[in-house]
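Residue-level listing of the chains:
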Amino acid sequence: MAVTAVGATGARRPSVRLRKLEDERWLAATLLAPTAILLGLFIAYPFFEGIMLSLSSARVGEPGTFVGLKNFFKLWHDSIFWTSVWNTFWYTAVTTVFKLALGLWLAMLLNRHFRGKAIVRAFVLLPFIIPTVLSTFAWKWMFDPTFSVINWSLFKLGFITQRINWLGDGDLAMASIMIVNIWRGVPFFAISLLAGLQTISPELNEAAAIDGARPWNRFWYVTWPLLLPVTMVVMLFSVIQTFADFQLVYVLTGGGPANATHAFATYAYQIGVCTGLLSEGAAISLAIFPVLFFVVLVQLLYIRRVEVR
């Protein structure tokens, strides 16, 4: 129990513990301690364990020995790894551009006044709310060469005369996972950008319209500069999530056909878990870290530069 002392005047002096909590530094440390402990246990510790694992020859059932950078040198000569690198960058770049363009267009539409606006906004979020595995299984059925509703629709419209094996061809499979990722990610962009649009005062666009500015000019010189900080933050989260995407790619193609759609996460899972080569799987997972760290750093610096402007 905290002990308080009574002075000559009879007034109680606060205990040492209470006096420390009155100090902002002690109060901040006390409030941040639970978060720091959780981050240390569930992020920092696994991260350093992954580093140590990647520098060893550990396998399932074998602790292994220290081998230094041998696993990373092995990856340098792994053609499937470089395919995964290209796929991850291409997958992230294409989907981010389309999600931004479609999300911004949808946000501009939802920012207008029309009947049932609240219901429409709620339905827009459905692709993002539905569990990834569940929605991806639905898309996998839609891409099935035999029972595909997409093939049936294209056949009925006269666009195709034979079945398209969407997930059996490398290029088509890559395009398929991009389509699903865009479908799932557009609502996140739309709602986030809509929130940014609603912080912009309508009087600015009205003043520009009075001055004779056309809709495109009002968007490019008034709306877009004010929306840019929000856009960069949304893109930052999207890039991080897409770079490390696992569920969508694994459920839809499993990295196939013939390793054509492997990304960092799926290839690391195949090597580290499916084949039991834990050290090599950890090395693949860590290979993405420097690149992702650089991308995030550049985006954060750009966001800060935009905010300063």
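Please read all numbers here as calculations on a predicted model, not as lab measurements. (Residues numbered from 1 in each chain as written. Predicted model: local features only at pLDDT ≥ 70, side-chain atom pairs only at ≥ 80, totals over all residues. Heavy atoms only, no water.)

### Concerning the overall build of the chain
Counting secondary structure elements, the chain contains 14 helices and two strands. In terms of overall dimensions, the chain is more spread out than a globule: its C-alpha atoms have a radius of gyration of 26 Å, far above the 19 Å expected for 309 residues. On the principal axes, the C-alpha backbone points of the chain span a range of 100 × 75 × 35 Å. Relative to its full complement of 309 residues, the chain shows a buried share of 35%. Contacts spanning at least 24 positions in sequence make up 64% of the contacts within the chain whose residues lie at least 6 apart. In the form shown here, the chain has an accessible surface area of approximately 19,700 Å², with 69% of it arising from carbon and sulfur atoms. Across the chain, the mean location of the 23 positive side-chain charges is 6 Å away from that of the 15 negative side-chain charges. (Helix = DSSP H or I, 4+ residues; strand = E, 2+ residues; numbered from the N terminus. Rg over C-alpha atoms; globule rule 2.2 N^0.38 Å. Buried < 20%, exposed > 50% of the residue type's maximum accessible area, 1.4 Å probe, protein only. Contact = heavy atoms within 4.5 Å. Areas by Shrake-Rupley, 256 points an atom, 1.4 Å probe, with all protein chains shown as cover. Lys, Arg positive; Asp, Glu negative; His and termini not counted. Charge placed at Lys NZ, Arg CZ, Asp CG, Glu CD.)

### Considering the packing of aromatic side chains
One pass over the full model with this rule turns up 19 aromatic pairs. Seen from their ring centres, F81 and F264 are 5.9 Å apart, and the 70° between their planes marks the pair as edge-to-face. Within this pair, whereas F81 is found in helix α4 (residues 79–110), its partner F264 is found in helix α13 (residues 264–274), the two being separated by 183 residues in sequence. Of the residues examined, F81 reaches a relative accessible area of 7% and is grouped as buried. A residue is classified by how much of its surface remains accessible, and F264, at 5% relative accessible area, is buried. Note on F128 and F188: the rings are 5.5 Å apart at their centroids and 20° apart in plane angle, and the pair reads as stacked. (Phe/Tyr/Trp six-rings, centres within 6.5 Å; stacked < 30°, edge-to-face > 60°.)

### Thoughts on unusual backbone geometry
Glycine aside, a negative phi is what most residues show, and trans is what most peptide bonds show. With an omega dihedral of -5°, the bond running from G256 to P257 counts as a cis peptide bond. Residue position: P257 is located in the loop between α12 (247–252) and α13. Despite not being glycine, A258 has its phi angle at roughly 55°, a positive value. Tracing the backbone through its elements, the reader meets A258 in the loop between α12 and α13. According to the relative accessible area criterion, A258 is exposed, its value standing at 75%. Residues other than glycine seldom take positive phi values, yet N259 does so here, at roughly 65°.

### Focus: the environment of N87
Examined against the element boundaries, N87 turns out to sit in helix α4. We classify N87 as buried; its relative accessible area is 6%. The spacing of N87 and G64 is 23 residues in sequence and 31 Å in space, taken between C-alpha atoms. Among all residues touching N87, those that are not within four sequence positions of it are M174, N259, A260, T261 and H262.

### Some thoughts on a nonpolar patch on the surface
Residues I37, L38, L39, L41, F42 and I43 make up a contiguous nonpolar surface patch of about 640 Å² in total accessible area. Mapped onto the secondary structure, F42 falls in helix α2 (residues 24–54). Take F42: its relative accessible area is 61%, and that puts it in the exposed class. (Patch = residues over 30% accessible without salt bridge, like charges linked within 9 Å, V, L, I, M, F, W, Y side chains within 5 Å. Salt bridge = Lys/Arg side-chain N within 4 Å of Asp/Glu carboxyl O.)

### Section: the confidence of the model for the chain
When pLDDT is averaged along the chain, the result is 85, and 91% of the positions lie at 70 or above. When pLDDT is averaged over each element of the chain, α4 comes out on top at 93 and strand β1 (residues 5–6) at the bottom at 49. (pLDDT = per-residue confidence, 0-100.)

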